[in-house]
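Below, each chain spelled out in residue letters.
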Amino acid sequence: MKVVVCVKQVPDTNEVKIDPVKGTLIREGVPSIMNPDDKNALEEALRLKDEYGAYVTVITMGPPQAEKVLREALAMGADEAILLTDKAFAGADTWATSLTLAKAIEKIGYDLILAGRQAIDGDTAQVGPEIAEHLDIPQVTYVEKVELEGNTLRVKRALEDGYEIIKINMPCLLTCIKELNTPRYMNVYDIFTCYKKEIKVLTSEDLGLNKEDIGLLGSPTKVRKTFTKEPKGKGEIINMPPCEAAKFAVEKLKEKHYI
Ligand SMILES: Cc1cc2nc3c(=O)[nH]c(=O)nc-3n(C[C@H](O)[C@H](O)[C@H](O)COP(=O)(O)OP(=O)(O)OC[C@H]3O[C@@H](n4cnc5c(N)ncnc54)[C@H](O)[C@@H]3O)c2cc1C
């Protein structure tokens, strides 16, 4: 069984602060990490390796320094790592990103593709489902439990007010959420050996992709402007008898369309 895990290197957005004077993001010193949902996806692949002998390949598209997350994945126990890096990939929106990843995954071969539900920087949750569409395979998103039954998977999909149990044939793609498992730590032996392992590097040429279909050129969407959200103004203290204060607060919330 061949499992491919999509991992993205992201800035640790918990560490990103807003400069109170300039109102801009402070990016200096913000560490790059493996996207949290992707760690759950990787853990699930490693569980399938432990229990059923799955072969686990991790793949990322990013600049050369994205190699760091692949080394981390190898140190957690992945068998193989692939870095898609090329200037032509830069500026990709989710369509171009997913097309590039799908082409590479097709080339590697797979039974199961695992991705995170969402990356904490782009936050779109589109790349996983788009990869499945490019490859024309079935998908389940928001997966919180996976059971292997022959060539079929029985997965539990989280909904806002409950869950669904879905049976899905492989090959397929699942997007994973944090409730799925607790990712393991890297082990010391693998931390040492992961630096000796080869990381395969693939470019747009290796994937046979046209420059017009990838990166900024292949992106149907463009970011025209980015800005930091205005900080909230000072709070208002309601100084009234409790019943009146409650009515006043409800009116205010309605006015702002919170309720
Ligand atoms: C309109 C628009 C324009 C953009 N323009 C630019 C731009 O000009 N320059 C730029 O740098 N970025 C740009 N981005 C961001 C870029 O598209 C996203 O970082 C990338 O497409 C992934 O989307 P996401 O972060 O929302 O991932 P999500 O869809 O939230 O990620 C879901 C899962 O997909 C997998 N995944 C996502 N990205 C990767 C990856 N690179 N490698 C491996 N697995 C991955 C992971 O498993 C992840 O958990 C743009 C985004 C949008 C929406």
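In the nomenclature of an unreviewed UniProt entry, the protein is known as Electron transfer flavoprotein small subunit of Caloramator fervidus. Its UniProt record gives the protein a comment under Cofactor (unreviewed entry), which states: "AMP". Note on the protein: under the UniProt heading Sequence similarities (unreviewed entry), the record states "Belongs to the ETF beta-subunit/FixA family."

Visitor: Sorry if this is basic, but what is going on with the overall build of the protein here?
Guide: A count of helices and strands for the protein gives six helices and 13 strands. Once the C-alpha set of the protein is aligned to its principal axes, its extents read approximately 65 × 40 × 40 Å. By the burial criterion, 42% of the 259 residues in the protein qualify as buried. Of all intrachain contacts in the protein linking residues separated by at least 6 positions in sequence, the fraction that spans at least 24 positions is 70%. Carbon and sulfur atoms make up 53% of the accessible area of the protein, which amounts to about 15600 Å² in all.

Visitor: Would you mind showing me how to read helix H2 (residues 67-76) here?
Guide: Structural remark: α-helix, 3.6 residues per turn; residues separated by three or four positions point the same way. By the criterion of burial, H2 is predominantly enclosed, with eight of the ten residues buried. Residues of H2 that are buried include every one of Val69, Leu70, Arg71, Glu72, Ala73, Leu74, Ala75 and Met76, and no others. One or two residues past the end of H2 sits Gly77, with phi positive at roughly 130°.

Visitor: What's the story with the sheet that holds strand E1 (residues 2-6) in this structure? I'm lost.
Guide: One key point about sheets: their strands pair by backbone hydrogen bonds, in either a parallel or an antiparallel sense. Taken in spatial order, the nine strands of this open sheet run E11-E10-E9-E12-E8-E1-E6-E7-E13, and their pairing is mixed. A single partner strand is all that each edge strand has here, and the edge strands are strand E11 (162-169) and strand E13 (199-202). Averaged over all pairs of adjacent strands, the angle between their axes in this sheet comes to 30°, without regard to strand direction. Pairing of strand E8 (residues 112-116) with strand E12 (residues 172-176), which is carried by five bridges, proceeds in the parallel orientation. Pairing of Ile113 across the sheet is with Leu173, part of E12. Along the sheet face, helix H4 (residues 127-135) touches E1, E8, strand E9 (139-149) and E12 and points at about 175° away from the line of E12.

Visitor: Explanation requested: the packing of helix H3 (residues 94-108) against H4 in the structure shown.
Guide: When two helices pack together, their arrangement is captured by the angle between the axes and the distance separating the axes. As a packed pair, H3 and H4 sit with axes 8 Å apart at the nearest point and diverge in direction by 55°. With respect to each other, H3 and H4 are oriented oblique. H3 and H4 meet at a crossing whose hand is right-handed. Residues Thr94, Trp95, Thr97, Ser98, Leu99, Leu101, Ala102, Ile105 and Glu106 of H3 touch H4, and the partners they reach there are Val127, Glu130, Ile131, His134 and Leu135.

Visitor: Just to check I follow, could you spell out the site of the ligand for this structure?
Guide: Near the ligand lie 28 residues; those nearest to it are Cys6, Lys8, Asp38, Ala119 and Thr124. Separating an oxygen atom of the ligand from a backbone N or O atom of Gly116 is a distance of 2.9 Å. Taking Thr124, its side chain carries an N or O atom lying 2.6 Å from an oxygen atom of the ligand. Burial of the ligand by the surrounding chains reaches 80%, relative to a free accessible area of 930 Å². Mapped by element, the contributors of at least two residues to the shell around the ligand are strand E6 (55-61), H3 and E8. A breakdown of the residues in the shell around the ligand according to their chemical character gives eleven nonpolar, eleven polar and six charged.

Visitor: Can you help me understand H4 in this one?
Guide: Every buried residue of H4 is listed here: Gly128, Pro129, Glu130, Ile131, Ala132 and Leu135. Structurally, H4 contributes buried residues whose contacts are with E1, H3, E8, E9 and E12. Once H4 finishes, Asp136 follows within two positions and takes phi at roughly 60°, a positive value.

Visitor: In this structure, what is going on with the nonpolar core? I would like to understand it.
Guide: Across soluble globular proteins, nonpolar side chains show a tendency to be buried alongside one another. Val5, Leu42, Val58, Leu112, Leu153 and Leu174 are the most contacted members of the largest nonpolar core, which has 38 residues in total. Broken down by element, the residue count for this core peaks at six residues, all from H2. In contact with Val58, not counting residues within four places along its chain, are Val5, Val7, Leu42, Leu70, Ala73, Ala78, Glu80, Ala81 and Ile82. Listed in part, the 26 residues of the second largest apolar core include Met61, Leu101, Ile105 and Leu202.

Cut-off values and rules
- Residues numbered from 1 in each chain as written.
- Predicted model: local features only at pLDDT ≥ 70, side-chain atom pairs only at ≥ 80, totals over all residues.
- Heavy atoms only, no water.
- UniProt positions renumbered as here; feature names shortened; annotations may be inferred.
- Helix = DSSP H or I, 4+ residues; strand = E, 2+ residues; numbered from the N terminus.
- Buried < 20%, exposed > 50% of the residue type's maximum accessible area, 1.4 Å probe, protein only.
- Contact = heavy atoms within 4.5 Å.
- Areas by Shrake-Rupley, 256 points an atom, 1.4 Å probe, with all protein chains shown as cover.
- Pairing = 2+ DSSP bridges.
- Axes fitted to C-alpha atoms, helices over the stretch in contact; angles between N-to-C directions.
- Parallel < 35°, antiparallel > 145°, perpendicular 65-115°, else oblique.
- Left-handed = near helix turned anticlockwise from the far one by under 90°.
- Near = heavy atom within 4 Å.
- Polar contact = N/O pair within 3.5 Å; in protein donor to acceptor, adjacent residues only side chain to side chain.
- Nonpolar A, V, L, I, M, F, W, Y, C, P; charged D, E, K, R; others polar.
- Core = buried A, V, L, I, M, F, W, Y, C linked by side-chain atoms within 4.5 Å.

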